[in-house]
Amino acid sequence: MSNTTTSLYDRLGRHEGIARITRTLIDNHMANPLVNARYGASDMPKVEQRVIEFFCAGAGGPETYSGKDMLATHKGMNINEQEFVTVVDDAMAALETHNIDPATRSDVLAILWSLKGELIRV
Ligand code: HEM
């Protein structure tokens, strides 16, 4: 059982835990033929740092996100529903790899799902 009185940031292992989860998330994307070509032209170390910041700040941590907002980041990519679900699935798998409990995984899922309108077919 997760302790829901503890912040999401804490339950994910704070900066270090979120950095480890993000590394696995990016490994999952690179190994996933449904989305890996999307990242072919990107500066992945920079994207990784930005995703860590975004994840930390979104989970209630003190980090500042220095990237563009989700709409501006993904505008013009014409991301489809399958790609969105694939990225969310890769994130859920990364949380499982790091033994994040089901209630905390659900909290992350709700946050990712809430971003759908800023990502799909924008
Ligand atoms: C809820 C889901 C998603 C979240 C929270 C998210 C978040 C982010 C963040 C924080 C960045 C870094 C932005 C920056 O550097 O300023 C990024 C970059 C990127 N995202 Fe997403 N993303 C999501 C879904 C997707 C999907 C479904 C795709 C396509 C399959 C995608 C493709 C990309 C690409 C290609 C970049 C790199 C852009 C560049 O090179 O500057 N993202 N994303």
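Residues numbered from 1 in each chain as written. Predicted model: local features only at pLDDT ≥ 70, side-chain atom pairs only at ≥ 80, totals over all residues. Heavy atoms only, no water.

Novice: It is not clear to me how the overall build of the chain should be interpreted in this structure. Could you clarify?
Specialist: Scanning the chain for helices and strands turns up six helices and zero strands. Going residue by residue from the N terminus, the α and β elements of the chain occur as α-α-α-α-α-α. What you see for the chain is a C-alpha radius of gyration of 14 Å, in line with the 14 Å of a compact globule of 122 residues. Projected onto its principal axes, the C-alpha positions of the chain cover 40 × 25 × 25 Å. Taking all 122 residues of the chain together, 35% fall into the buried category. (Helix = DSSP H or I, 4+ residues; strand = E, 2+ residues; numbered from the N terminus. Rg over C-alpha atoms; globule rule 2.2 N^0.38 Å. Buried < 20%, exposed > 50% of the residue type's maximum accessible area, 1.4 Å probe, protein only.)

Novice: What should I look at first to understand the packing of helix 2 (residues 14-30) against helix 3 (residues 44-58) in this one?
Specialist: Geometrically, a packed helix pair is captured by the angle between its two axes and the distance between the axes. Contact geometry for helix 2 and helix 3: axes closest at 9 Å, N-to-C directions at 130 degrees. Taken together, the axes of helix 2 and helix 3 lie oblique to each other. Classified by chirality, the crossing of helix 3 by helix 2 is right-handed. Facing helix 2, whose interface residues are His15, Ile18, Ala19, Ile21, Thr22, Arg23, Leu25, Ile26 and Met30, helix 3 presents Met44, Glu48, Val51, Ile52, Phe55 and Cys56. Here the residues of the contact of helix 2 with helix 3 are counted per class, giving 11 nonpolar, two polar and two charged. (Axes fitted to C-alpha atoms, helices over the stretch in contact; angles between N-to-C directions. Parallel < 35°, antiparallel > 145°, perpendicular 65-115°, else oblique. Left-handed = near helix turned anticlockwise from the far one by under 90°. Contact = heavy atoms within 4.5 Å. Nonpolar A, V, L, I, M, F, W, Y, C, P; charged D, E, K, R; others polar.)

Novice: Would you mind going over the site of the ligand with me for this structure?
Specialist: If you check the shell around the ligand, you find 22 residues, and the closest are Arg38, Ser42, Arg50, Lys68 and His74. Within the side chain of serine 42, one N or O atom sits 2.6 Å away from an oxygen atom of the ligand. Contact between the ligand and histidine 74: a nitrogen atom at 2.9 Å from a side-chain N or O atom of the residue. When residues of the shell around the ligand are traced back to their parent elements, those giving at least two are helix 3, helix 4 (70-74) and helix 5 (81-97). In terms of residues, the shell around the ligand owes the most to one element, helix 3, which gives four residues. (Near = heavy atom within 4 Å. Polar contact = N/O pair within 3.5 Å; in protein donor to acceptor, adjacent residues only side chain to side chain.)

Novice: What am I meant to see in the side chain of glutamate 83 here?
Specialist: Tracing the sequence through the fold places glutamate 83 in helix 5. Dropping the residues within four chain positions of it, glutamate 83 is found in contact with Leu34, Val35, Arg38 and Asn78.

Novice: How do you make sense of the packing of aromatic side chains when you look at a structure like this?
Specialist: Any two aromatic rings considered together are summarised by their centre-to-centre distance and by the angle between their planes. Counting across every chain of the model gives two aromatic pairs. With 5.1 Å between their ring centres and 75 degrees between their planes, phenylalanine 54 and tyrosine 65 make a pair best called edge-to-face. On the criterion of sequence distance, the pair formed by phenylalanine 54 in helix 3 and tyrosine 65 in the loop between helix 3 and helix 4 is long-range, its members being 11 residues apart. (Phe/Tyr/Trp six-rings, centres within 6.5 Å; stacked < 30°, edge-to-face > 60°.)

Novice: Would you mind going over the side chain of threonine 22 with me for this structure?
Specialist: Mapped onto the elements of the fold, threonine 22 is located in helix 2. With relative accessibility at 0%, the residue threonine 22 sits in the buried group. For threonine 22, the residues in contact, after removing those within four places along its chain, are Glu48, Val51, Ile52 and Phe55.

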